[in-house]
Amino acid sequence: MTDTIKIDAMTRDQAVAELARLADILARANVAYHTDDAPDISDAEYDQLKRRNAEIEAQFPDLKRDDSPSEQVGAPVADGFSKVTHAVAMLSLSNAFDDADVSEFDTRIRKYLGLGADTALSYTAEPKIDGLSLSLRYEDGVLTQAATRGDGAVGENVTANARTIDDIPATLERAPAILEVRGEVYMSHPDFEALNDRQAAAGQKTFANPRNAAAGSLRQLDANITRARPLRFFAYAWGALSDPLADSQMGAIERLCALGFQTNPLTRLCDGPEEMIAHYKLIEQERATLGYDIDGVVYKVNELGLQSRLGFRSTTPRWAVAHKFPAELAWTRLDAIDIQVGRTGALSPVARLTPVTVGGVVVSNATLHNEDYIAGRDNKGEQIRDGKDIRVGDWVQVYRAGDVIPKVADVDLSKRLKDAQPYIMPDRCPECNSEAVREPGDAVRRCTGGLICPAQAVEKLKHFVSRAAFDIDGLGAKQVEQFHSDKWIAEPADIFTLRDRYDTGLQQLKNREGWGEKSAANLFDAIDDRRNIGLGRMIFALGIRHVGEAAANLLATHYGTWDAFSTAMRTAEEGNDAWDDLLSIDGVGAVMAGSLATTFNQEAEIASIDRLVAHLNIEEAVRPDTSGSPVAGKTVVFTGTLEKMTRAEAKARAEALGAKVSGSVSAKTDLLVAGPGAGSKAKKAADLGIETIDEDGWLDLIGAL
Ligand code: IVH
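Values in this document were obtained by computation on a predicted structure and should not be read as measured data. (Residues numbered from 1 in each chain as written. Predicted model: local features only at pLDDT ≥ 70, side-chain atom pairs only at ≥ 80, totals over all residues. Heavy atoms only, no water.)

Turning next to the environment of Val631. By the secondary structure assignment, Val631 is in the loop between β20 (617-619) and β21 (635-639). Here Val631 falls in the buried class, since its relative accessible area comes to 1%. Put simply, Val631 and Gln307 are 324 residues apart on the chain and 23 Å apart in space, counted from C-alpha to C-alpha. Discounting residues that sit within four places of it in the chain, Val631 has contacts with Leu657, Gly658, Ala659, Trp698 and Leu701. (Helix = DSSP H or I, 4+ residues; strand = E, 2+ residues; numbered from the N terminus. Buried < 20%, exposed > 50% of the residue type's maximum accessible area, 1.4 Å probe, protein only. Contact = heavy atoms within 4.5 Å.)

Among the nonpolar cores identified, the biggest contains 58 residues, and Ile495, Met538, Leu555, Trp562 and Leu582 are the most heavily contacted of them. Residues Ala162, Ile165, Ala252 and Leu256 belong to the second largest nonpolar core, which totals 34 residues. (Core = buried A, V, L, I, M, F, W, Y, C linked by side-chain atoms within 4.5 Å.)

Under the definition given, this model contains 15 aromatic pairs. Between Phe470 and Phe496 the ring centres are 6.0 Å apart and the planes differ by 70°, which places this aromatic pair in the edge-to-face class. Taken together, the residues span a long stretch of sequence, with Phe470 in the loop between α12 (454-465) and α13 (477-485) and Phe496 in the loop between α14 (492-495) and α15 (517-529) at a distance of 26 residues. With respect to class, Phe470 is no different from Phe496; both count as buried. Summarising the aromatic geometry, the rings of Trp562 and Phe600 are spaced 6.4 Å apart at their centres and angled 50° between planes, so their arrangement reads as tilted. Placement of the pair is Trp562 in helix α18 (residues 562-571) and Phe600 in the loop between α20 (590-599) and α21 (603-613), with a sequence separation of 38 residues. An identical accessibility class is assigned to Trp562 and Phe600; each is buried. (Phe/Tyr/Trp six-rings, centres within 6.5 Å; stacked < 30°, edge-to-face > 60°.)

Once that is clear, we can look at unusual backbone geometry. Of note, Asp386 is a non-glycine position whose phi angle comes to about 55°, a positive value. For Asp386, the position within the fold is in the loop between α11 (371-375) and β15 (395-400). The backbone of Lys487 shows a phi angle near 65°, a positive value even though the residue is not glycine. Its relative accessible area of 72% is what places Lys487 among the exposed residues.

The mixed open sheet is built from 5 strands, whose spatial order is β2-β11-β10-β3-β9. Only two strands of the sheet have a single neighbouring strand rather than two, namely β2 (95-96) and β9 (268-270). Bridge analysis of strand β3 (residues 123-129) against strand β10 (residues 294-301) gives 7 bridges, and the strand direction is antiparallel. Bridge pairing in β10 places Ala125 opposite Tyr299. This element, helix α3 (residues 99-113), spans β2, β3, β10 and β11 (320-324) of the sheet and lies at about 175° to β11. (Pairing = 2+ DSSP bridges. Axes fitted to C-alpha atoms, helices over the stretch in contact; angles between N-to-C directions.)

Let us look at the pattern of salt bridges. Going through the model one piece at a time under the given rule, you end up with 38 salt bridges. For the salt bridge of Asp394 with Arg416, the shortest nitrogen-to-oxygen distance reads 2.8 Å. Here Arg416 lies in the loop between β16 (407-411) and β17 (436-437) and Asp394 lies in the loop between α11 and β15, a separation of 22 residues in the sequence. Salt bridges here are not isolated pairs; linked through shared partners, they connect Arg137, Glu139, Glu180 and Arg182. (Salt bridge = Lys/Arg side-chain N within 4 Å of Asp/Glu carboxyl O.)

This paragraph deals with the site of the ligand. Taken together, 14 residues surround the ligand, and among them Glu126, Ile129, Glu184, Tyr236 and Lys300 come closest. One nitrogen or oxygen atom from the side chain of Lys128 is found 3.3 Å from an oxygen atom belonging to the ligand. Within the backbone of Ile129, one N or O atom sits 3.0 Å away from a nitrogen atom of the ligand. Taken by itself the ligand offers 530 Å² of open surface, and the protein chains cover 87% of this. By residue number, the principal contributor to the shell around the ligand is β3, which donates 4 residues. (Near = heavy atom within 4 Å. Polar contact = N/O pair within 3.5 Å; in protein donor to acceptor, adjacent residues only side chain to side chain. Areas by Shrake-Rupley, 256 points an atom, 1.4 Å probe, with all protein chains shown as cover.)

For α18, every residue scored as buried is listed here: Trp562, Phe565, Ser566, Ala568 and Met569. Projection of α18 onto a plane perpendicular to its axis shows the buried side chains occupying an angular sector of 160°, all on one side. Where the residues of α18 are buried, they touch α16 (535-541), α17 (549-559), α19 (577-583), α20, α21 and β20. (Arc of directions from axis to C-beta.)

Our next topic: the packing of helix α5 (residues 189-201) against helix α6 (residues 210-218). Look at α5 against α6: their axes get within 10 Å of each other, and the N-to-C directions meet at 70°. Taken together, the axes of α5 and α6 lie roughly perpendicular to each other. Of the residues in α6, those in contact with His189, Phe192 and Leu195 of α5 are Pro210, Ala213 and Ser217. Residues that form the contact of α5 with α6 fall into these classes: 4 nonpolar, 2 polar and no charged. (Parallel < 35°, antiparallel > 145°, perpendicular 65-115°, else oblique. Nonpolar A, V, L, I, M, F, W, Y, C, P; charged D, E, K, R; others polar.)

Honestly, that's just the spatial picture; any functional story needs more than this.
Set out below in structure tokens:
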């Protein structure tokens, strides 16, 4: 941006030229944002340019252009869609990549339900549509709301846009009073080509693939633009319901079809892995002629009663899996290997490639995982790629599957240059020069610089503001990098004092290009909005190794409050009660527990966390509604043989009802559920006077008999 000419020193000619330049940039930015769903400048930059334009116009009123950006109406750039909290979370699917994974899926389900190998168990198999998911709420048969998936819990309200899609009925006849229909919005291949032709002819941005085009078209602030885009919708699932649709998945899909929704004609009922895989192969063969993009096949347990027994892990149902199509491949040259330092100090080798198109996307970077991977070994020391190592200058195969980061999969030794040298992983951090060490059992080498390493600090900050963490409007990775290099923020707590420091200090934010008073005020408001933060997001935002989003949510529901969580983490030590309690959480293992305890044991880390917490109001985690549950808050132990459910199912259901399941009987145990063959635990419970019931007694107690 040539922002150097001061307005009060501007000549008339310069003003004319500058007004023309600003009109052009702002018009383009409007199209990029409103029409293409692909903003090319930040909201802050946009505001700053608009203000500069207005100031020049004020100085030279007679030079104001007919197409002056000051006169443009149109939705304000910073405004987005309103938010919708999903009544039933919109989850994702776990993946299967080969036939063995599909058999394992069936085995896992049988094990969980306690079904023998010869008990009949059927599944539906249907294409996995490569679009974006949408939830449609009908009340008394009338479409009242349409929401995107968002982060699964909260999506965007796109009702006006959804109403423009022909496949989405505005009203339904004989539908349940409350019905949330879920499915995929997508664009067909011919419609996609035609849209891109129209865009190109109008000098507007074209889309990389039908999925982007569908997402960009649905997420338009002006529904008239969506109306002009040929979107379609397949229904395949449901959320909140006042009455069941059917008693099987297939029956429910048929009902949705009868209600007027498009359902996928390649949906089949299969009686086990063999038929599922056969249908997968058939869909794979038809893939090229379907006329829309699919990226795999989804299998779902057919009986809805079994689906509800199986329930959910934190982000995926146990009763469904997506069998993905194999990734796409291409060969290119490895030009260099760079090292990136992550927020936990991990040194990750990144392949810089001669750009190559893989499945329609240009790839110039790919992951090389770690030094063993480059050397041709897996993390157990076994050979991969027949032991072939990867060297700079090699001809390598790049593999890309869906949205995941492309990786270097193979190397062609026949094209290796004579002087190619084996790659040596650096033993110093390229960012802070601290020693980089590889602990026994760790696949990666890590920088030991901790908080002094600028790369770790920046990555931690980027993680902190990321979508599933604090998600601060206007503060993305780019701004974090800039603020960090300007020494405005060194740690998360600093974000919350930015407003106070706006016009103090050597580096004033208000003097930075793109940060006028209005954009800065918007940013500070967005930051203030996040002073109230959910416990799960807070824990995830800390960026503790091994604690992903799902684990953070598990910890949040278990501990309920920040105080309970942080006190427990500060005291947890292998063998004590706090440690055992942490490990009793389904989904928390010793590795994660160790990582949490280590973090909350480091003085510098704790001090940094405490500084952050002082600026926040951390909300209590919403625990599953267990009011009315007879076992909420009770510690339950299962022992002996359970005949009507497996241990895993018993534990998951007890926890869903707010009980804590423990593996051993102690004075803290409230209830022992003892099946046949119960031994020492039953005796101990009797000695301690603990109430003991059998499996039927338990099912009766939880109302499942
Ligand atoms: S079922 C509770 N069926 O895939 C899970 N999802 O990777 C409900 N998707 O977010 C999802 N085709 O957007 C289901 N036939 C299909 C699908 C499908 C595409 C998408 C959906 C979901 C994502 C998960």
